[in-house]
Amino acid sequence: IDLEVALYPDLDPISRQSFYSKNVGDNISFKHQQKSIYTLLSQSNLIITSVLNTVFYQALVSNYPLVVWFAPGYEIDDYFIELFEELEKCRIFHRSPVSCANFINEVDLDVWWSSDIVQKNIKKLKYSLLGI
């Protein structure tokens, strides 16, 4: 898997490379600040995020395949617990990066993303978070 990191801890370039190489290996590059989110999304097979950020929302609105796990410190608001339980069942939401990575390595992305249950839950998520 080749990985391009769009958002990352506030580290200098050498520290970023070291941080991610320890955790994901060497097939990694970093998005240039001039590269638009649209370009990033259009060149990606899957968006993986650990925070609900601009990349997450743009992928959601554009119906790009995405999975999410929450970085330490992120918590699910009580209002959204039931929704995230449903997202976990259809494997959009993962409770850990290990679960997320294992899923990515075993899934047929096109079949999974286009399944009725995933698309139904993506629609629920869009409505719940964005009202659309």
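Residues numbered from 1 in each chain as written. Predicted model: local features only at pLDDT ≥ 70, side-chain atom pairs only at ≥ 80, totals over all residues. Heavy atoms only, no water.

Chemist: How would you explain the overall build of the protein chain if you had to name every residue and give the values?
Modeler: Assigned secondary structure in the protein chain consists of seven helices and five strands. Helices and strands in the protein chain line up, N terminus first, as β-α-β-α-β-α-β-α-β-α-α-α. Burial status across the protein chain gives 35% buried among its 132 residues. Counted over contacts in the protein chain with a minimum sequence separation of 6, partners at least 24 positions apart contribute 50%. Here the protein chain displays about 8400 Å² of accessible surface, and carbon together with sulfur accounts for 51% of that area. (Helix = DSSP H or I, 4+ residues; strand = E, 2+ residues; numbered from the N terminus. Buried < 20%, exposed > 50% of the residue type's maximum accessible area, 1.4 Å probe, protein only. Contact = heavy atoms within 4.5 Å. Areas by Shrake-Rupley, 256 points an atom, 1.4 Å probe, with all protein chains shown as cover.)

Chemist: Residues and numbers for the nonpolar core, please.
Modeler: The biggest cluster of nonpolar side chains holds 29 residues, and the ones touching the most others in it are Leu66, Val67, Leu87, Ile92, Trp112 and Val118. Of all the secondary structure elements, the ones that give two or more residues to this core are α3 (54-62), β4 (66-69), α4 (81-89), α5 (97-106), α6 (109-114) and α7 (116-130). In contact with isoleucine 92, other than residues within four places in its own chain, are Leu66, Val67, Val68, Leu87, Trp112, Val118, Asn121 and Ile122. (Core = buried A, V, L, I, M, F, W, Y, C linked by side-chain atoms within 4.5 Å.)

Chemist: Describe in detail the sheet that holds β4, supporting the description with residues and values.
Modeler: Two strands in a sheet stick together by hydrogen bonds in their backbones, pointing the same way (parallel) or opposite ways (antiparallel). Pairing in this open sheet of three strands is parallel, and the strands run β3-β4-β5 from one edge to the other. Taken across any chain shown, the strands that pair with only one partner, and hence form the sheet edges, are β3 (47-49) and β5 (93-94). Pairing between β4 and β5: two bridges, direction parallel. Counterpart to tryptophan 69 in the pairing with β5 is histidine 94. (Pairing = 2+ DSSP bridges.)

Chemist: Quick rundown of the packing of aromatic side chains? Include the residues and the values.
Modeler: One pass over the full model with this rule turns up eight aromatic pairs. Where tryptophan 112 meets tryptophan 113, the ring centres are 5.4 Å apart and the plane angle is 55°; that geometry is what we call tilted. Tryptophan 113 gets classed as buried once you look at its relative accessible area, which sits at 8%. Each member of the aromatic cluster is reached from another via a ring pair, and the members are Phe70, Tyr74, Phe84 and Phe93. (Phe/Tyr/Trp six-rings, centres within 6.5 Å; stacked < 30°, edge-to-face > 60°.)

Chemist: Got a sec to walk through unusual backbone geometry? Specific residues and values, please.
Modeler: For asparagine 63, which is not a glycine, the phi torsion comes out positive at approximately 60°. Inspection of the secondary structure assignment puts asparagine 63 in the loop between α3 and β4. With a phi angle near 75°, arginine 91 is a residue other than glycine that sits in the positive phi range. Counting through the fold element by element, arginine 91 comes out in the loop between α4 and β5.

Chemist: Hey, could you go over a nonpolar patch on the surface for me, with residue numbers and the actual values?
Modeler: Taken together, the side chains of Val61, Leu130 and Ile132 make up a nonpolar region of the molecular surface, amounting to roughly 250 Å² of accessible area. Turning to its location among the elements, valine 61 is positioned in helix α3. With relative accessibility at 41%, the residue valine 61 sits in the partly exposed group. (Patch = residues over 30% accessible without salt bridge, like charges linked within 9 Å, V, L, I, M, F, W, Y side chains within 5 Å. Salt bridge = Lys/Arg side-chain N within 4 Å of Asp/Glu carboxyl O.)

Chemist: Can you break down the environment of lysine 124 residue by residue, with the values?
Modeler: Inspection of the secondary structure assignment puts lysine 124 in helix α7. A relative accessible area of 35% places lysine 124 in the partly exposed class. Counting along the chain gives 41 residues from lysine 124 to leucine 83, while the straight-line C-alpha distance between them is 7.8 Å.

Chemist: Any details on the packing of α4 against α7? Residues and values, ideally.
Modeler: Where α4 contacts α7, the two axes come as close as 10 Å, and the packing angle between them is 155°. In terms of axis orientation, α4 runs roughly antiparallel to α7. In the crossing of α4 with α7, the sense of the turn from one axis to the other is left-handed. Facing Leu83, Glu86 and Leu87 of α4, the residues of α7 in contact are Asn121, Lys124, Leu125 and Ser128. Split by residue class, the contact of α4 with α7 holds three nonpolar, two polar and two charged. (Axes fitted to C-alpha atoms, helices over the stretch in contact; angles between N-to-C directions. Parallel < 35°, antiparallel > 145°, perpendicular 65-115°, else oblique. Left-handed = near helix turned anticlockwise from the far one by under 90°. Nonpolar A, V, L, I, M, F, W, Y, C, P; charged D, E, K, R; others polar.)

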